[in-house]
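# Tertiary structure, described
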Amino acid sequence: MGRLDGKVAFITGAARGQGRSHAIRMAKEGADIIAIDIARKLPTVPYKGATSEDLAETVRQVEALDRRIVASEADVRDYGALKGALDEGVAQLGRLDIVSANAGIFSSAAAEEMTEEAWDEMIDVNLKGVWLTTKAAIPHLRAAGGGSIIITSSTAGIKAFPNFIHYVAAKHGVIGIMRTLALELAPDMIRVNTVHPTSVDTDMVQNEAMYALFAPDLEAAARTREVMGERFGAMNALPIPWVEPVDISNAVLWLASDEARYVTGIMLPVDAGSTAK
């Protein structure tokens, strides 16, 4: 018996990184998956975007676990496309029990130097996209008699960091979404929580733009993975540079499962003690 047998999970940003990890982890516990990803690079994002091939690889890995998956390319900022993809997934898989609002982007600049384009794209994806995801999902969760919504925030949703004010604002903002929905949806037995990762070993962290942000004193050639691990590790209490995607997936799985059936309205850090420092 899997912990999610008979359940269906909707995951945004599922083509790679944490999203793919969540899909695989929940599929291993018996869930079928509805997966979406924009599968392209956005203009203000300084690292490579996910691709159609990445999303296809998520499909392959879930199907290799003998679970069903309905995957499509959709933008969380486009409510029509988002809702259409989710509705089609529910039509094929029969229900919806779990939502992982995971899709997100990162960029950086000092507040006075940030462009309005960068601000707007960040807020639209990382904040509005979360609201639209939940908006599309709520009727399906009600129809199933309850469920669990897990929103991916960040340590930057708990404390401030310089040079990415828009990201900090968005990740603080999703806590407000979570707390409001936890109260609104409690009568329907729909639980809503946030997870707050420290740095995770994904493409969002392992790229030259992020390395330059954390090591502006070093030449590009000196910003090796080992050196950058020391920089990122300085933020954590535990002596590690970053966590792995599966570490976040394990927290998402717990919040999705009946083991957390009375847990709602909480912020769950998976941060190696970062927010305790």
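Residues numbered from 1 in each chain as written. Predicted model: local features only at pLDDT ≥ 70, side-chain atom pairs only at ≥ 80, totals over all residues. Heavy atoms only, no water.

Naming follows an unreviewed UniProt entry, where the protein appears as Oxidoreductase of Agromyces bauzanensis.

### Let's talk about the sheet that holds strand β1 (residues 8-12)
Formally: Two strands are said to pair when DSSP picks up at least two bridges between them. Going along the chain from the N terminus, every DSSP run of H or I of four or more residues is numbered as a helix, and every run of E of two or more is numbered as a strand. Angles run from 0 to 180 degrees between N-to-C directions of axes, and those axes are lines fitted to C-alpha atoms, restricted for helices to the stretch in contact. We call two residues in contact when some of their heavy atoms are within 4.5 Å.
In spatial order, the strands read β3-β2-β1-β4-β5-β6-β7; together these seven strands make up an open sheet with parallel pairing. Sheet topology places β3 (69-73) and β7 (267-270) at the edges, where each strand pairs with a single neighbour. Mean inter-strand twist for the sheet, computed between neighbouring axes without regard to direction, equals 15 degrees. Of the pairings in the sheet, the one linking strand β5 (residues 147-152) to strand β6 (residues 190-197) comprises six bridges and is parallel in character. Opposite I151, over in β6, you have T194 as the bridge partner. Seen against the sheet, helix α3 (residues 79-93) touches β1, β2 (32-37) and β3 and runs at an angle of roughly 160 degrees to β2. Sheet strands touched by helix α8 (residues 245-256): β4 (98-101), β5, β6 and β7. Its angle to β6, the strand with the most contacts, is close to 165 degrees.

### Comments concerning the packing of aromatic side chains
When we look at a pair of aromatic rings, we describe it by the centre distance and by the angle of the planes. Our working rule: Pairing of aromatic rings covers Phe, Tyr and the six-membered ring of Trp, with a centre-to-centre limit of 6.5 Å; geometry is then stacked below 30 degrees between planes, edge-to-face above 60, and tilted otherwise. Residue exposure (1.4 Å probe, protein chains only): buried if accessible area is under 20% of the type maximum, exposed if over 50%, otherwise partly exposed. Two conditions define a charge located above a ring, namely a distance within 6 Å from the ring centre to NZ of Lys or CZ of Arg, and an angle within 35 degrees of the ring normal.
Applying the stated criterion across every chain, the model contains six aromatic pairs. Where F106 meets Y167, the ring centres are 5.0 Å apart and the plane angle is 75 degrees; that geometry is what we call edge-to-face. One end of the pair, F106, is in the loop between β4 and α4 (116-143); the other, Y167, is in helix α5 (residues 165-185), with 61 residues separating them in the sequence. Residue F106 is classed as buried on the basis of its relative accessible area of 6%. With 5.8 Å between their ring centres and 20 degrees between their planes, F161 and F164 make a pair best called stacked. The cationic tip of K135 hangs over the ring face of Y79; the distance from NZ or CZ to the ring centre is 5.5 Å.

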